[in-house]
Amino acid sequence: MAAAAAGAASAELVIGWCIFGLLLLAILAFCWIYVRKYQSQRESEVVSTITAIFSLAIALITSALLPVDIFLVSYMKNQNGTFKDWANANVSRQIEDTVLYGYYTLYSVILFCVFFWIPFVYFYYEEKDDDDTGKCTQVKMALKYTLGFVVICALLLLVGAFIPLNLPDNKNSTEWEKVKFLFEELGSSHGLAALSFSISSLTLIGMLAAIIYTAYGMSALPLNLIKGTRSAAYERLENTEDIEEVEQHIQTIKSKSKDGRPLPARDRRALKQFEERLRTLRKRERHLEFIESSWWTKFCGALRPLKIIWGIFFIFVALLFVISLFLSNLDKALHSAGIDSGFIIFGANLSNPLNMLLPLLQTVFPLDYILITIIIMYFIFTSMAGIRNIGIWFFWIRLYKIRRGRTRPQALLFLCMILLLIVLHTSYMIYSLAPQYVMYGSQNYLIESNMTFNDHRGNSTLSVPKRCDADAPEDQCTVTRTYLFLHKFWFFSAAYYFGNWAFLGVFVIGFIVSCCKGKKSVIEGVDEDDSDLSDDEPSVYSA
């Protein structure tokens, strides 16, 4: 019987890994389509394209590991609180190690991408803009600039490796004994602290990116879907009127020099501005004419009711997310041990919608995992929407714009790096919404309960299941590997807590701004001074 149960469990796990493999193929296909959709048709490069696809795929795969982690720790136990027949100590340990090694691998790849490969490819193409530069010189200059990122990564790993999480028991120990203790602690943790510190540092940057891009995208994406874009025919009519008006101004200025007199400096400046404006308007005319007659515009028009439905659905998801985050943060403010503990609480004193919904969905497999996956993917897609709407800025200087079919290779690399950082912050955001669920999933454990029977005037002890929490015995409840990475350092948790309040504030401001803004132009960005803009034939997906 035990062998049969183990065989059935193994078959289920194989099926699960097959599904995960199909998910990986779907992720790679999506990344290829997404990158090809936005990259510039004139400046596309093989290396930057592969780097962007690979980085975006790593971001999505890492985000998919959280529900897998929760599922595996939950799958080892029955609903009555007992371990399944095949889930002995060795098997449980193997599953935990497999997930942990998965995190090690993906987080190491993220560190490699963020601190070496993406900066190297970016600086390589920056040097390529100089026509006189050879290939060897490009590689040397790119490596020189990338070396700074490598040094930062090494410093983060060293600080994380030797920062004292625990103090020696003997307070009178010598300096050598303290150093020896740090090395022993590093060996016992298998480098977990070093990697956790580095990832937490990147997560802190990802938190800032999420505050800027995700919070705004969470409000802009659904409202843009509901409002739609302006009519191409109506915009073309307005554009024709603007062309006629500008041409009249140009003729008026040129008429002043018909007798051979030179134009004053003021009129020359005005004439130059009008001529530049006329070139932009004629460019808009070509784009509008193409879009108005394209099949994609007609197809998008047919999908308009579906877009409105999706917009309303995304608004409900955003409200669920924001209300849950607000109540969770309020719970931490009222019931946590304070900033010295990183505002960590176990369980929930104030119930939030998501924390109440997940236990209900756990009764019907796999609804809870579907909801978590939807929230994670929504978080990523709204981040993409926020980056597209805001662009990539360095303080008050806009570096790049993300436009369909007109995005430069450097901008795509920036986009993928920002998404990598935001994905790292996603796990903590989910933990903030449902801490107990992220720690233990749907696990139960057995507690002894005394039952009194009046008829027999006696007591009986029964084992009843209880949801796993911080008070559960370590051998009865398995903590997810995600939690081990999240809470190695209290000061990062404290920073994430204040970041959640900033996230909520930016969401409210972004929602008000998105409500006040009118419909977007069907050729958003064509009338602006944008180095990414091409005079070539517009993409059919511009509509």
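Structure: above.
Residues numbered from 1 in each chain as written. Predicted model: local features only at pLDDT ≥ 70, side-chain atom pairs only at ≥ 80, totals over all residues. Heavy atoms only, no water.

Visitor: Tell me about the overall build of the protein chain, and name the residues and values.
Guide: Scanning the protein chain for helices and strands turns up 16 helices and four strands. In the protein chain, which comprises 543 residues, the share counted as buried stands at 46%. The long-range fraction of contacts in the protein chain, counting pairs at least 24 apart against all pairs at least 6 apart in sequence, stands at 78%. As displayed, the protein chain has an accessible area near 28100 Å², and 64% of this comes from carbon and sulfur atoms. (Helix = DSSP H or I, 4+ residues; strand = E, 2+ residues; numbered from the N terminus. Buried < 20%, exposed > 50% of the residue type's maximum accessible area, 1.4 Å probe, protein only. Contact = heavy atoms within 4.5 Å. Areas by Shrake-Rupley, 256 points an atom, 1.4 Å probe, with all protein chains shown as cover.)

Visitor: Can you break down helix α10 (residues 304-335) residue by residue, with the values?
Guide: Helix length check: α10, at 32 residues, gives a terminal C-alpha distance of 46 Å against a target of 46 Å (1.5 Å per residue), a fit within 8%. Taken together, the buried positions of α10 are Gly311, Phe314, Val317, Ala318, Phe321, Val322, Ser324, Leu325, Ser328, Asn329, Asp331 and Lys332. (Expected span 1.5 Å × (residues − 1).)

Visitor: Describe the packing of α10 against helix α13 (residues 409-433), listing the residues and the values that go with them.
Guide: Pairs of packed helices are described in terms of their axes, by the angle between the two and the distance that separates them. At their nearest, the axes of α10 and α13 sit 8 Å apart, and the two run at 70° to each other. When the interaxial angle is binned, α10 and α13 end up roughly perpendicular. Contacts from Phe321, Ser324, Leu325, Ser328 and Lys332 of α10 reach α13 at Tyr428, Met429, Ser432 and Leu433. Here the residues of the contact of α10 with α13 sort into five nonpolar, three polar and one charged. (Axes fitted to C-alpha atoms, helices over the stretch in contact; angles between N-to-C directions. Parallel < 35°, antiparallel > 145°, perpendicular 65-115°, else oblique. Nonpolar A, V, L, I, M, F, W, Y, C, P; charged D, E, K, R; others polar.)

Visitor: Describe the nonpolar core, listing the residues and the values that go with them.
Guide: Met218, Phe321 and Phe503 are the most contacted members of the largest nonpolar core, which totals 112 residues. Broken down by element, the residue count for this core peaks at 19 residues, all from helix α3 (residues 89-128). Look past the residues within four positions of Met218 in its chain and what remains in contact with it is Ala318, Phe321, Val322, Tyr378, Phe379, Thr382, Phe503 and Phe507. Core analysis: the next-biggest nonpolar cluster, separate from the first, contains nine residues, Val246, Ala270, Leu278 and Leu281 among them. (Core = buried A, V, L, I, M, F, W, Y, C linked by side-chain atoms within 4.5 Å.)

Visitor: Tell me about helix α2 (residues 46-75), and please be specific about residues and values.
Guide: Spanning 30 residues, α2 covers 42 Å between terminal C-alpha atoms, matching the ideal 44 Å at 1.5 Å per step. Burial analysis of α2 places 24 of its 30 residues in the buried class, which makes it a mostly covered element.

Visitor: Describe in detail the state of the cysteines, supporting the description with residues and values.
Guide: On inspection of all chains with the given rule, the structure shows zero disulfides. No disulfide involves Cys31; its nearest neighbouring cysteine sulfur is the one of Cys416, lying 8.0 Å away. Accessibility expressed as a relative area gives 0% for Cys31, which makes it buried. Cys113 takes part in no disulfide bond, and the closest cysteine sulfur to it belongs to Cys416, at a distance of 9.4 Å. Exposure remark for Cys113: the relative accessible area of 0% places this residue in the buried category. (Disulfide = S-S within 2.5 Å.)

Visitor: Lay out the packing of helix α9 (residues 295-302) against α10 in plain terms, naming residues and giving numbers.
Guide: Closest axis-to-axis distance for the α9/α10 pair is 4 Å, and the angle between their directions is 55°. By the angle between their directions, the pair α9 and α10 is classed as oblique. Contacts between α9 and α10 involve Cys300, Gly301 and Ala302 from the former and Arg304, Pro305 and Lys307 from the latter. Looking at the contact of α9 with α10 residue by residue, the classes come out as three nonpolar, one polar and two charged.

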